[in-house]
Amino acid sequence: MENRLKNVLRPRPNLGLAKTTAGAGAPNSQLPATKRPSLMQAPVLVLNATFEPINVTAVRRALVLMLKGVAQAEETNHAEVHSTSKAIQVPSVIRLLTYRHIPQQSRARSRKNILLRDRNTCQFCGSAFPAAELTLDHVMPRSRGGRSSWENLVACCYSCNNNKGDRTPEEAGLKLQRRPRPFTLHTSRQLMRLIGHRDEKWRKYLFY
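Residues numbered from 1 in each chain as written. Predicted model: local features only at pLDDT ≥ 70, side-chain atom pairs only at ≥ 80, totals over all residues. Heavy atoms only, no water.

Points about the overall build of the chain
The following threshold applies: Strands are runs of DSSP state E lasting at least 2 residues, helices are runs of H or I lasting at least 4, and numbering of each runs from the N terminus. Partly exposed residues are those whose accessible area sits between 20% and 50% of the maximum for their type, while under 20% is buried and over 50% is exposed, using a 1.4 Å probe and protein chains only. Whether two residues touch is decided by their heavy atoms; if any such pair falls within 4.5 Å, the residues are in contact. Only the protein chains shown count as cover for residues, and all accessible areas are computed by the Shrake-Rupley method using a 1.4 Å probe.
Each helix and strand in the chain was counted, giving 7 helices and 6 strands. Buried positions account for 38% of the 208 residues belonging to the chain. Put simply, 59% of the contacts in the chain that link residues at least 6 apart link residues at least 24 apart. For the chain, the accessible surface area stands at approximately 12100 Å², while carbon and sulfur atoms represent 50% of it.

Remarks on the pairing of strand β1 (residues 43-47)
The cut-off we apply is this: A strand pair is defined by DSSP finding two or more bridges across the two strands.
For β1, a buried count of 4 out of 5 residues is recorded, marking the element as mostly surrounded by other parts of the structure. Judged from the 5 bridges that link them, β1 and strand β2 (residues 53-58) form a sheet pairing that is antiparallel. By the bridge assignment, L47 is partnered in β2 with P53. Connecting β1 to the antiparallel partner β2 that follows it, the hairpin turn spans 5 residues, and F51 within it adopts a positive phi of roughly 75°. In this sheet, strand β4 (residues 87-96) lies alongside β1 in parallel orientation, the contact comprising 3 bridges. Paired with L47 across the bridge in β4 is R95.

A few points about the nonpolar core
For clarity, the cut-off: Only buried residues count toward a nonpolar core. Its members are Ala, Val, Leu, Ile, Met, Phe, Trp, Tyr and Cys residues joined through side-chain atoms within 4.5 Å.
Counting 16 residues, the largest nonpolar core has V59, L63, V81, V90 and I94 as its most contacted members. Breaking this core down by element, the ones donating at least two residues are β1, α2 (59-67), β3 (71-82) and β4. In this view, V59 contacts L39, M40, Q41, A42, V44, V90 and P91; residues no more than four positions away in its chain are not counted. Formed by 10 residues, the second largest nonpolar core is a distinct cluster that contains L134, V139, V154 and C160.

Looking at the pattern of salt bridges
Filter applied, for reference: Here a salt bridge means any side-chain nitrogen of Lys or Arg lying within 4 Å of a carboxyl oxygen belonging to Asp or Glu.
Taken as a whole and assessed by the stated rule, the structure comprises 5 salt bridges. Here E74 ties to R95 by a salt bridge, and the two come within 2.9 Å at their closest N and O atoms. Taken together, the positions of E74 in strand β3 and R95 in strand β4 put the pair 21 residues apart, joining distant regions of the chain. On the accessibility criterion, E74 (24% relative accessible area) is partly exposed. Given a relative accessible area of 15%, R95 falls into the buried group. For R117, the salt bridge goes to D118, with nearest N and O atoms at 2.9 Å. Per residue, the accessibility class of R117 equals that of D118, and both read buried.

Some details on α2
Taken together, the buried positions of α2 are occupied by V59, A62, L63, V64 and L65. Just downstream of α2, G69 is the residue with a positive phi angle, here 80°.

Observations concerning the environment of N152
With respect to the secondary-structure elements, N152 resides in the loop between β5 (134-138) and β6 (153-157). Sequence separation between N152 and P141 is 11 residues; the distance between their C-alpha atoms is 8.8 Å. Contact partners of N152, with chain neighbours within four places excluded, come to D137, H138, V139, M140, G146 and R147.

Comments concerning the state of the cysteines
Put simply, the rule is: Any pair of cysteine sulfurs within 2.5 Å is marked as a disulfide.
Per the stated rule, a full pass over the model turns up 0 disulfides. Distance from the sulfur of C122, which forms no disulfide, to the nearest cysteine sulfur (C125) is 3.6 Å. With no disulfide of its own, C160 has C157 as its nearest cysteine by sulfur position, at a separation of 3.6 Å. Overall, the relative accessible area of 7% leaves C160 in the buried class.

No statement about biological role is implied by the geometric values presented.
Here it is in structure tokens:
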């Protein structure tokens, strides 16, 4: 079903980024069309049925949940996506319609969650990148017994990854921005608050 939705949930080709901002003349209005797909990767706050914030997902996944009847939009942005029959406002905050029990343990270890934990920022040079321009690096190389664990995997740009090679950060003259840790529910809520400072629609659902 999601493969079919990928073809449906797509911004109309003539939708300029100027329409996704609060008004005409915004800085993004002159960006080329190749930047438009990032709209579908923008962060969306996910609330439980009780309005408790529990996750951050991408616009594309949020729209899939809405079309399946699993969630509804509580806050929307100025942009729209178009199906064959109707226009849907891009959500900023969605709420699950059925309560979900959220365990307190660490999240599943995955590329997506490691990039989210590290805020899409290379942990060596400190620069932020789109997810497609980042890879995962083993701080202690696997050739030396380094494990694929939360504590040994970090987001890394391709340039730093090539510079580091099969060496430790110290041997390559690199320094970690922060010590890698497991991604717990506490970490997730810290990230929600950080993003909430940039999106005022999130603030009333977060506790500071």
